[in-house]
Amino acid sequence: MKAANREPASGEPTIVPDRAATVEASSRWISGSGRANGGAGVTAIWDRRLVLVTGKGGVGKTAVTAALARAAHAAGKRVMVAEVTPDVHTPSPVLSLFGHPRPKGEDPVDIAPRLRGVRLAPTSGHRILLRKALKVGLLVDTALKSAALTRFLSAAPTFPEIGILFQLVTLLRDAKDDHLIVDLPATGHAVSLVSLPKTVVRVIPSGLIGESLSEVLAKMSDPKHTRAVVVTLPEQLPVSETVELVAALGAQGLHVGAAVLNRVPSTPFLPTELSALRAWIDENNPPLLGAKELRKLERALQAKETFYAQVPNTASRSELPLFDGLDDRQVVERMAKVLGEVS
Ligand SMILES: Nc1ncnc2c1ncn2[C@@H]1O[C@H](COP(=O)(O)OP(=O)(O)O)[C@@H](O)[C@H]1O
Ligand SMILES: [Mg+2]
């Protein structure tokens, strides 16, 4: 992890894997050799205080969030791993990966020395906000016990998001952690969450809400402070959606520092061998047992080509392999190891 804190001389780290090296290293994934530099791009986010992980549902967002937190923690950083959740009464996917499936209440939980976890929920943010506004804890608790008020706060447009962002800014003000790594909601919701501060600040520029959202806006749009990591799969549609997501987040002023192609299947073939095999199959049409698997592999490799061709190289692009036959926590351990090994 030596390179993790190194800022390239040019200022902005745009660590783009060399195309040829990527192809060459594709059967070795992100190797520790540093040649397929992709993972170094992901670890370059260690320079950023706020890391927002997003992508389409099911792509491995939560696993990558947990793995980034693990890798940063293993590198000696003080880490807060967080997830956006509709409420704190449901089990926590991220924290269950750290042995806390049902954290009680809304305060951060201690996972290990230097490693904490928290959920960002509208109600938690509203409580902090009201506490600041009313200054009397008892009043806040009474107010939040009012079903009518909580219903209003969670139903009024933008209020749930304001709650989440308010909690986020409160955590960012607390200088205890080197990194706040957040599992954001899936694509569409993430874009609206990120775009909200700008809209609200335009309408209410001052006061408690306006000022807090201005602060969040300034931090999120500062590439020295914040990085988004977009996770995707080696399939055409998710890759195309990722290209759109990177653009949509960029348009909201959130810089995507890394795009991660997750669950890349391993291939025993070099690209040249694969195309020779394809040509031979097409010509001879033999009854092959693995024909379907081969098609799948080819499709994944095509999607991978599209990933490198279309995801802008202002984001570092990396791959994580498909870890077969492992449970969720083992997947995270393996991912963290891959991310941590590359320096
Ligand atoms: N590279 C991988 N190899 C194998 N399994 C993976 C990999 N990435 C994620 N998974 C598994 O896929 C499932 C969905 O991942 P998850 O992180 O919950 O997705 P998301 O948060 O995007 O919905 C989980 O069971 C997770 O362990
Ligand atoms: Mg998830």
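Before going into details, it helps to say that this report is about the structure given with it.

## Considering the overall build of the protein
Along the backbone of the protein there are 14 helices and eight strands. For the protein, the residues scored as buried account for 43% of the 343 residues in total. Across the protein, every contact between residues at least 6 apart in sequence was considered, and the portion connecting residues at least 24 apart equals 74%.

## Some remarks on the pairing of strand β7 (residues 256-264)
Every regular strand shows the same layout, with side chains that alternate between the two sheet faces. Here β7 lies mainly inside the structure; nine of its nine residues are buried. Pairing of strand β6 (residues 226-232) with β7, which is carried by five bridges, proceeds in the parallel orientation. Opposite Val229, over in β7, you have Ala258 as the bridge partner. Running through helix α11 (residues 236-251), the crossover from β6 to the neighbouring parallel element β7 is right-handed. Here β7 runs beside strand β8 (residues 316-321); their pairing, made up of five bridges, is parallel. Looking across to β8, one finds that Val264 is bridged to Pro321.

## Observations concerning the pairing of strand β2 (residues 79-84)
Summarising burial for β2: six of the six residues are buried, a large majority. Along β2, one buried face is formed by Val79, Val81 and Glu83 and the opposite face, lined by Met80, Ala82 and Val84, is buried too. Alignment of β2 against strand β4 (residues 115-120), held across six bridges, turns out to be parallel. By the bridge assignment, Val84 is partnered in β4 with Leu120. Alignment of β2 against strand β5 (residues 179-183), held across five bridges, turns out to be parallel. By the bridge assignment, Val81 is partnered in β5 with Ile181.

What counts as what
Residues numbered from 1 in each chain as written. Chains lettered and ligands numbered in written order. Predicted model: local features only at pLDDT ≥ 70, side-chain atom pairs only at ≥ 80, totals over all residues. Helix = DSSP H or I, 4+ residues; strand = E, 2+ residues; numbered from the N terminus. Buried ≥ 20, exposed ≤ 12 C-beta atoms within 10 Å, placed from the backbone. Contact = placed C-beta atoms within 7 Å. Pairing = 2+ DSSP bridges. Right-handed = clockwise from strand over helix to strand, strands pointing away.

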